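The primary structure of each chain is shown beneath.
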Amino acid sequence: MATPIGVSGPAAAATTRDLRLDVARGLAMFIILVAHIPGNPWAGWIPARFGFSDATEIFVFCSGMASAIAFGGSFERKGWAIGTARVAFRCWQVYWAHICLFFFVAMTMAALDTYGSFEGSYVHELNLGWFFDDPARQIVGIFTLTYVPNYFDILPMYLVILAMMPLMMALVRISVAAAITGSLLLWTAANLGLLPLPAEPWGDRQWFFNPFGWQLLFFTGFGYMRGWLPKPPRSAGLAWAAAAFLVLGAPFGSWKVFLWLNDAWPALGAQIRATWPITEELRFKTEFGLLRYIHFLSLAYVAWYWAGEGGRRLSSLYNGRFGHFMLTIITKVGQQSLAVFVSSMALARLIGFAFDQLGRSFIVVTAGNLFGFFLLVLVAYTASWFKTQPWRSKRI
């Protein structure tokens, strides 16, 4: 995982990308694709099946770190107003990415229902019947973010968190403690149910990802990269303690691991099951419960410790031909995470449709997932190429 390099205090700022950051975000993009393909057997082996946190935490934490690099310096060099303008432009991009993603997926699901000859409804599978039954009302909800279907909930959460950045940068001008306190207060209020956001106009369902809870993780990553938070000590004891929490906590955060233990030791399984009501609120995903936070930080610390000082152990993988090839690809995907994420959410439904038609044999599932990975890599390299603006003439 990425950590601040050469940070000596709150005023220090990371200005260059970190290999660990891009690798972590790239891996998260592949995991998110696997997780969102309907009926994907590979989804049984993603990190979410073995603990409290999952790829969403990786995405949000690393986005906070990347934002510290991409936007944090603008506030210091150009001032608060220009920094805020740059963040607003990014919010604009994320907003339209969300809108386009919704309409593309809704269109493809409608096309499958309209022109396909199979049982069931892909529109209703995504719970989009409300939109097609009353488009005039729901299109207003889509554009005002008062109608946020579950499948389309990550980008609105990310958008609101980005919009909080100018507030945090204003608070840190008072003191680092003020910014940290503000983030903690928002997280506490969200976990107490004080800051709900309506996800649909016809019911009381809330946003699946409450940004006021998840901002704590985003600004933890942001704070590390900006130097608001100290670099953690490198300690084998802490690494072993974090690893122990990940292993021992797995039966409490994962039904998959719980069932394994319950089959082997029913008495132990009964004791573990009895603790679930006690930990239920602490592991809620919507408000980003405390156990998810601790689990992710433990996972991040173990990964950071393994990567070595300055990421030397991870960088050493570049020395091998295969390692260099894989890290180059994963890094590129991590650097173009917004374009890759939007593409993966659209692609996942189509791969799921292919599985429905061809079956879910080992060969079909493997080919479908690997083809999806290939397309994500293609999107990343294409987006990177467009960002170079090759059509612009270079000055001599």
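Residues numbered from 1 in each chain as written. Predicted model: local features only at pLDDT ≥ 70, side-chain atom pairs only at ≥ 80, totals over all residues. Heavy atoms only, no water.

Got a minute to help me understand the confidence of the model for the chain in this structure?
Low-pLDDT stretches of the model should not have their predicted coordinates read in fine detail. Per-residue pLDDT for the chain averages 88, and the proportion of residues at 70 or more is 95%. With pLDDT under 50 throughout, residues 1-13 is counted as low confidence; its partners more than four residues away or in other chains account for 38 contacts. (pLDDT = per-residue confidence, 0-100. Contact = heavy atoms within 4.5 Å.)

Help me out: how do you make sense of helix α1 (residues 19-36) in this one?
It helps to recall that an α-helix has 3.6 residues per turn; residues three or four apart then point in one direction. Look at α1: 26 Å from first C-alpha to last across 18 residues, which is about the 26 Å you get at 1.5 Å a residue. Of all 18 residues in α1, 15 are buried; the element is thus mostly enclosed. (Helix = DSSP H or I, 4+ residues; strand = E, 2+ residues; numbered from the N terminus. Expected span 1.5 Å × (residues − 1). Buried < 20%, exposed > 50% of the residue type's maximum accessible area, 1.4 Å probe, protein only.)

I keep staring at the packing of helix α9 (residues 211-226) against helix α13 (residues 290-307) and nothing clicks. Help me out?
How two helices sit against one another is set out by the angle between their axes and by the gap between those axes. Here α9 crosses α13 at 25°, and the two axes come no closer than 11 Å. What the angle tells us is that α9 and α13 run roughly parallel. Where α9 crosses over α13, the two elements pack in a sense that is right-handed. Here α9 contributes Trp214, Leu216, Leu217 and Thr220 to the contact with α13, which in turn contributes Arg292, Tyr293, Phe296 and Leu297. When its residues are assigned to classes, the contact of α9 with α13 shows six nonpolar, one polar and one charged. (Axes fitted to C-alpha atoms, helices over the stretch in contact; angles between N-to-C directions. Parallel < 35°, antiparallel > 145°, perpendicular 65-115°, else oblique. Left-handed = near helix turned anticlockwise from the far one by under 90°. Nonpolar A, V, L, I, M, F, W, Y, C, P; charged D, E, K, R; others polar.)

Please clarify how unusual backbone geometry should be interpreted in this entry.
Note: most peptide bonds trans; most residues except glycine with negative phi. The backbone phi angle of Asn127 is positive, close to 60°, even though this residue is not glycine. Position of Asn127 among the secondary structure elements: in the loop between α4 (122-125) and α5 (129-133). Given the relative accessible area of 41%, Asn127 is considered partly exposed.

Help me out: how do you make sense of the state of the cysteines in this one?
Among covalent bonds in proteins, the disulfide is the one between the sulfur atoms of two cysteines. For the structure on display, the rule yields zero disulfides. Cys91 provides the cysteine sulfur closest to Cys100, a residue in no disulfide bond, and the two sulfurs are 16 Å apart. (Disulfide = S-S within 2.5 Å.)

Help me understand the pattern of salt bridges in this model?
Side-chain pairing between opposite charges can occur once the charged atoms of the two side chains come close. For the coordinates displayed, the defined rule picks out 10 salt bridges. The residue Glu57 makes a salt bridge to Arg292 at a minimum N-O spacing of 2.8 Å. In this pair, Glu57 sits in helix α2 (residues 55-78) while Arg292 sits in helix α13, placing the two residues 235 residues apart along the sequence. Under the relative-accessibility criterion, Arg292 is labelled buried at 6%. The partner of Arg137 in a salt bridge is Asp134, and the shortest N-O contact between them spans 3.1 Å. A relative accessible area of 56% places Arg137 in the exposed class. Residue classification places Asp134 among the partly exposed positions, given a relative accessible area of 28%. (Salt bridge = Lys/Arg side-chain N within 4 Å of Asp/Glu carboxyl O.)

Would you explain the nonpolar core in this entry?
Generally speaking, a soluble globular protein has its nonpolar side chains buried in company with each other. Ranked by internal contacts, the top residues of the largest apolar core, which has 102 residues, are Leu155, Met165 and Phe218. Counting residues per element, this core draws most heavily on helix α3 (residues 80-115), which supplies 13 residues. Beyond its immediate chain neighbours, meaning those up to four positions away, Leu155 contacts Val94, Ala97, His98, Leu101, Leu338, Phe341 and Val342. (Core = buried A, V, L, I, M, F, W, Y, C linked by side-chain atoms within 4.5 Å.)

Help me out: how do you make sense of helix α6 (residues 135-144) in this one?
All of the buried residues in α6 are Gln138, Gly141 and Ile142. One side of α6 holds all its buried residues, which, seen down the axis, span an arc of 100°. The inward-facing, buried residues of α6 contact α3 and α5. Within two residues after α6, Leu145 carries a phi angle of roughly 60°, on the positive side. (Arc of directions from axis to C-beta.)

Is there a simple way to think about the environment of Gln215 in this case?
On the secondary structure map, Gln215 appears in helix α9. Judged by relative accessible area, which is 0%, Gln215 ranks as buried. Through-space distance from the C-alpha of Gln215 to that of Thr188 is 11 Å; in sequence the pair is 27 residues apart. Non-local contacts of Gln215, meaning those with residues more than four positions away in its chain, are made with Ile161, Met164, Met168, Ser183, Leu186 and Trp187. Of the polar contacts made by the side chain of Gln215, one reaches the backbone oxygen of Phe212; its length is 3.1 Å. (Polar contact = N/O pair within 3.5 Å; in protein donor to acceptor, adjacent residues only side chain to side chain.)

How do you make sense of empty space enclosed by the protein when you look at a structure like this?
Within this structure, the stated rule accounts for one cavity of 30 Å³ or more. In this structure, the largest cavity occupies an estimated 40 Å³ of space. Considering the residues around the largest cavity, the lining is formed by His98, Leu101, Tyr151, Phe152, Asp153, Ile154, Leu155, Pro156, Phe341 and Met345. Of all elements in the fold, only α3, α7 (154-174) and α16 (337-358) reach the threshold of two or more residues within the lining of the largest cavity. Here the lining of the largest cavity is built from residues that sort into eight nonpolar, one polar and one charged. (1 Å grid on protein atoms, 1.4 Å probe; cavity = no way out; pocket = protein on both sides within 12 Å on 5 of 7 lines; lining within 4 Å. Points joined across faces, edges and corners; volume = space filled by probe spheres on them.)

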